[in-house]
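Spelled out, the chains give:
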Amino acid sequence: MLIFYAKAYGEIYTWVDEEGVTHFSERNVADRKSEEISEKISKEGNFIEFGEFEELGDTELPKLVEDRKEEKITVKIHIELIGYGMSKERLNLIGNQIRGMYTFYVESLGWDPVAPWPVKIKIFGDHHSFERYQAETSGSLPYYRSHYSHRNREVLMHGTEFAEATMGVLFHEASHAIMAMRKYNVSPWISEGIAEVFESSTYTRGKMVFRKNDEWTRKIQHKLREGSLEPAQNYFNYRDKWSGEGRRAERRRYMIAWSLMRFLLSTPERINALKGGLSGDFASHYPGGIKALDKDWRQWIRQL
């Protein structure tokens, strides 16, 4: 079900129910605190709600759940455009990719088949409105980059051109939105690593395809050769060493996290270890323990 709100005349009201789901109506709903948004739509953009979707087919990702006959996978995706226009085809592409991502979280990491809340995305066409919205809703200094807001459970995107790289950032932040539905305090080496994997992926015709990252492959292999790659256990324990030290160091952390998670997503056995390791305990879930994980990870890097 796709509901596309682009009406530029008449009155359109929006209100949020007890479960946090946004609804639209051409009349004011009694006993609801609703907002008249028709003028806002004509000036700032469209409101799009992706409704319930059918269960998806097989993907190229190894799955732990091969024959699931219970509830269908259901995730709602709300996209709000503020001072920005986007084609229906591009919106459908975004919805399709996020559905594929949520299906992975369900079938391989054990998330609930029915998402507890929607994946909400706000896309701002100019930086002023991007910063102003954050100041009005968070009460703190705004982030200058696109990000996922845990406080408001929404992805906030700023970009005047949605090229492939920008779309990748959107999928990265959507992964955080899905991760937050079950695991809020997971190590950044896991959450950021999985988000990086999805940043360079494409879901098409029922299959999730990961694009090769030649630049990071060369760099991670170089770190392995020069001996600067620490044991895997160290990275999983470095919760306090994720931020700081400049942009170059930050990108290096993302690269290492990407390699760890891409490795753990390569076989059903490793995905199972990842599922158990979301609490930080890989030793009891990976065959042979954390030392075997580290050895296999390094061998995997050599073969990239």
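Everything that follows concerns the structure shown earlier in this document.
Residues numbered from 1 in each chain as written. Predicted model: local features only at pLDDT ≥ 70, side-chain atom pairs only at ≥ 80, totals over all residues. Heavy atoms only, no water.

(A) Quick peek at the layout of surface pockets. As a volume, the largest pocket reaches approximately 1,300 Å³. If you trace the largest pocket, you find 45 residues lining it, with Y143, H147, E173, E192 and Y254 closest to the centre. Elements with a minimum of two residues in the lining of the largest pocket: helix 3 (127-138), strand 8 (147-149), strand 9 (154-158), helix 4 (164-179), helix 5 (188-199) and helix 8 (247-264). At six residues, helix 4 tops the list of elements feeding residues into the lining of the largest pocket. Taken together, the residues of the lining of the largest pocket sort by class into 15 nonpolar, 18 polar and twelve charged. (1 Å grid on protein atoms, 1.4 Å probe; cavity = no way out; pocket = protein on both sides within 12 Å on 5 of 7 lines; lining within 4 Å. Points joined across faces, edges and corners; volume = space filled by probe spheres on them. Helix = DSSP H or I, 4+ residues; strand = E, 2+ residues; numbered from the N terminus. Nonpolar A, V, L, I, M, F, W, Y, C, P; charged D, E, K, R; others polar.)

(B) Structural view of the environment of Q134. The topology assignment puts Q134 in helix 3. The class of Q134 is buried, set by a relative accessible area of 4%. Setting aside chain neighbours within four positions, we find Q134 in contact with G139, P142, Y143, H147 and L156. Among the polar contacts made by the side chain of Q134, one reaches the main-chain carbonyl oxygen of F130 at a distance of 3.3 Å. (Buried < 20%, exposed > 50% of the residue type's maximum accessible area, 1.4 Å probe, protein only. Contact = heavy atoms within 4.5 Å. Polar contact = N/O pair within 3.5 Å; in protein donor to acceptor, adjacent residues only side chain to side chain.)

(C) Representation of the pattern of salt bridges. Scanning the model with the defined rule gives seven salt bridges in all. Between E250 and R145 there is a salt bridge, and its shortest N-O distance comes to 3.2 Å. Of this pair, E250 sits in helix 8 while R145 sits in the loop between helix 3 and strand 8, and the two are 105 residues apart along the sequence. The partly exposed category is assigned to R145, whose relative accessible area is 33%. Put simply, E215 and K219 hold a salt bridge, and the shortest N to O gap is 3.0 Å. Here E215 and its partner K219 are both found in helix 6 (residues 214-226), four residues apart, which amounts to about one turn of the helix. For E215, a relative accessible area of 41% gives the class partly exposed. A relative accessible area of 42% means that K219 is categorised as partly exposed. (Salt bridge = Lys/Arg side-chain N within 4 Å of Asp/Glu carboxyl O.)

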